[in-house]
Amino acid sequence: MAQVKRIRRNVSGIILLDKPLGFTSNAALQKVRWLLNAEKAGHTGSLDPLASGVLPLCFGEATKFSQYLLDSDKGYETVMQLGQTTTTGDAEGEVLKTRDVTVGRADIEAVLPQFRGEISQIPPMYSALKRDGQPLYKLARAGEVVEREARSVTINRLELLECEGTRVRLSVGCSKGTYIRTLVEDIGEILGCGAYVAELRRTHAGPFELAQTVTLEELEAVHAEDGNEAVDRFLMPSDSGLQDWPLLQFSEHSAFYWLHGQPVRAPEAPKFGMVRVQDHNGRFIGIGEVSEDGRIAPRRLIRSE
């Protein structure tokens, strides 16, 4: 018998998931997509299976703005295990080297300033970066090591929270593209004892914080009780990740032309930059950019939600 194709729903918005341990970001996305029965979905930057915490999941029209969340700053709490290095830079890898730990809290505090501000990192082999179309982690699993170019990242916050024996808890605020595993490994080398990431939890992504998240168990419970549509209650508006952008409200006339791709003028517009746009009814209709002539050029449009 032919299998009946599931008709997916056209739903839009963002679900802020507290990603559980052991899930890839894509596996978590597909699970929540199934719970919603959503037609279109995407996430905003991968979290390793070892990591938990804030993972914004975009559905429907919200996927048009996922890049801006991908580009946003992130925050983490990580436990740094001193005295060993591993193949992956985290607890999932095989131990490469074991060294004595002769440093304490004061020694760690003394080296942290070297890693604040703009720093240079060499991406790890166990990463999703691609070389000739192949993710580096696949090459690494095959025993290959390729040269990687150093990249500049910014560490906005790096604080020592706890230090108990060889386990050190750090709070990190950083720019996109920062590898916490590399940061921990580099700190371990400066300390002379080596280190790897034993635990990692993302505490914020852009404007979103851990306190706003929902767990997979909560979503599953609501779905089991009341079905797909009940999960909609956890959807945040599609522009939730852009709340720090200037907001403009167009007249009915301006909104019509703007939604048909025409730049329009708005008296209260800033002189430059990106803006969120609402129509005369207060409905979010997309994002635009202020052009040199002062008009608002459409960049991503929402025609209906």
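Overview of the structure. (Residues numbered from 1 in each chain as written. Predicted model: local features only at pLDDT ≥ 70, side-chain atom pairs only at ≥ 80, totals over all residues. Heavy atoms only, no water.)

### Considerations on the overall build of the protein
And then number 1: A count of helices and strands for the protein gives seven helices and 19 strands.
And then number 2: Considering only C-alpha atoms, the protein reaches an extent of 70 × 60 × 40 Å along its principal axes.
And then number 3: Classification of the 305 residues of the protein by burial places 49% in the buried group.
And then number 4: Within the protein, contacts between residues at least 6 apart in sequence are counted, and of these 68% link residues at least 24 apart.
And then number 5: Carbon and sulfur atoms make up 47% of the accessible area of the protein, which amounts to about 15700 Å² in all. (Helix = DSSP H or I, 4+ residues; strand = E, 2+ residues; numbered from the N terminus. Buried < 20%, exposed > 50% of the residue type's maximum accessible area, 1.4 Å probe, protein only. Contact = heavy atoms within 4.5 Å. Areas by Shrake-Rupley, 256 points an atom, 1.4 Å probe, with all protein chains shown as cover.)

### Remarks on helix α5 (residues 180-191)
And then number 1: Across its twelve residues, α5 extends 16 Å between first and last C-alpha, which sits within 8% of the 16 Å expected from 1.5 Å per residue.
And then number 2: Within α5, the full set of buried residues consists of I180, R181, T182, L183, V184, I187, G188 and L191.
And then number 3: On its buried face, α5 sits against β4 (74-82), α3 (105-111), β7 (117-121), β10 (151-164), β11 (167-174) and β12 (195-205).
And then number 4: Looking one or two residues past α5, G192 carries a phi angle of roughly 85 degrees, positive in sign. (Expected span 1.5 Å × (residues − 1).)

### Concerning the environment of K74
And then number 1: With respect to the element layout, K74 can be found in strand β4.
And then number 2: On a C-alpha basis, the gap between K74 and A205 in space is 4.5 Å, while along the polypeptide they are 131 residues apart.
And then number 3: In terms of polar contacts, K74 uses its side chain to reach the backbone carbonyl oxygen of L69, at 3.3 Å.
And then number 4: Looking at K74, its side chain comes within polar contact range of the main-chain oxygen of S72, at 2.8 Å. (Polar contact = N/O pair within 3.5 Å; in protein donor to acceptor, adjacent residues only side chain to side chain.)

### Quick word on the state of the cysteines
And then number 1: Counting across every chain of the model gives zero disulfides.
And then number 2: C163 takes part in no disulfide bond, and the closest cysteine sulfur, belonging to C193, lies 10 Å away. (Disulfide = S-S within 2.5 Å.)

### Observations regarding the packing of aromatic side chains
And then number 1: Under the criterion given, the structure shown has four aromatic pairs.
And then number 2: With a centroid separation of 5.5 Å and 85 degrees between ring planes, the pair formed by F250 and W258 is classed as edge-to-face.
And then number 3: Residue F250 is classed as buried on the basis of its relative accessible area, which comes to 3%.
And then number 4: Residue classification places W258 among the buried positions, given a relative accessible area of 0%. (Phe/Tyr/Trp six-rings, centres within 6.5 Å; stacked < 30°, edge-to-face > 60°.)

### As for the nonpolar core
And then number 1: The biggest cluster of nonpolar side chains holds 46 residues, and the ones touching the most others in it are I15, V32, F59, L82, L158, L170 and I187.
And then number 2: In contact with I187, not counting residues within four places along its chain, are M80, V111, L112, F115, L158 and L170.
And then number 3: Judged by nonpolar contacts, the second largest core, of 14 residues, contains L259, V264, A269 and V290. (Core = buried A, V, L, I, M, F, W, Y, C linked by side-chain atoms within 4.5 Å.)

### As for the side chain of Q278
And then number 1: Tracing the backbone through its elements, the reader meets Q278 in strand β17 (residues 273-278).
And then number 2: Residue classification places Q278 among the buried positions, given a relative accessible area of 18%.
And then number 3: When neighbours within four sequence positions are excluded, Q278 is seen to be in contact with L247, L248, Q249, F250, R283, F284 and I285.

### Topic: the pairing of strand β1 (residues 13-19)
And then number 1: For β1, the tally of buried residues reaches seven of seven residues, placing the bulk of the element in the interior.
And then number 2: Neither face of β1 is exposed, since G13, I15, L17 and K19 on one face and I14, L16 and D18 on the opposite face are all buried.
And then number 3: In the sheet, β1 pairs with strand β3 (residues 51-59) via seven bridges, with the strands oriented antiparallel. Along β3, the bridge assignment pairs I14 with C58.
And then number 4: For β1 and strand β14 (residues 214-215), the ladder comprises two bridges, and the chain directions are parallel. For D18, the partnering residue across the bridge sits in β14 and is T215. (Pairing = 2+ DSSP bridges.)

### Examining the pattern of salt bridges
And then number 1: Taken as a whole, this structure holds 15 salt bridges when the rule is applied.
And then number 2: Of the charged contacts in the structure, one is a salt bridge between R99 and E189, with a shortest N-O distance of 2.7 Å. With a gap of 90 residues between them, R99 in the loop between β6 (95-98) and α3 and E189 in helix α5 connect regions that are remote in the sequence.
And then number 3: By relative accessible area, R99 is classed as partly exposed at 23%. (Salt bridge = Lys/Arg side-chain N within 4 Å of Asp/Glu carboxyl O.)

### Some points on the sheet that holds strand β18 (residues 284-290)
And then number 1: Spatially, five strands are ordered β15-β17-β18-β19-β16 in an open sheet, and the strand pairing comes out mixed. A strand with exactly one partner marks an edge of an open sheet, and here the two such strands are β15 (247-249) and β16 (264-265).
And then number 2: As paired elements, β17 and β18 share six bridges and run antiparallel to each other. Bridging from a neighbouring strand, G273 pairs with V290 of β18.

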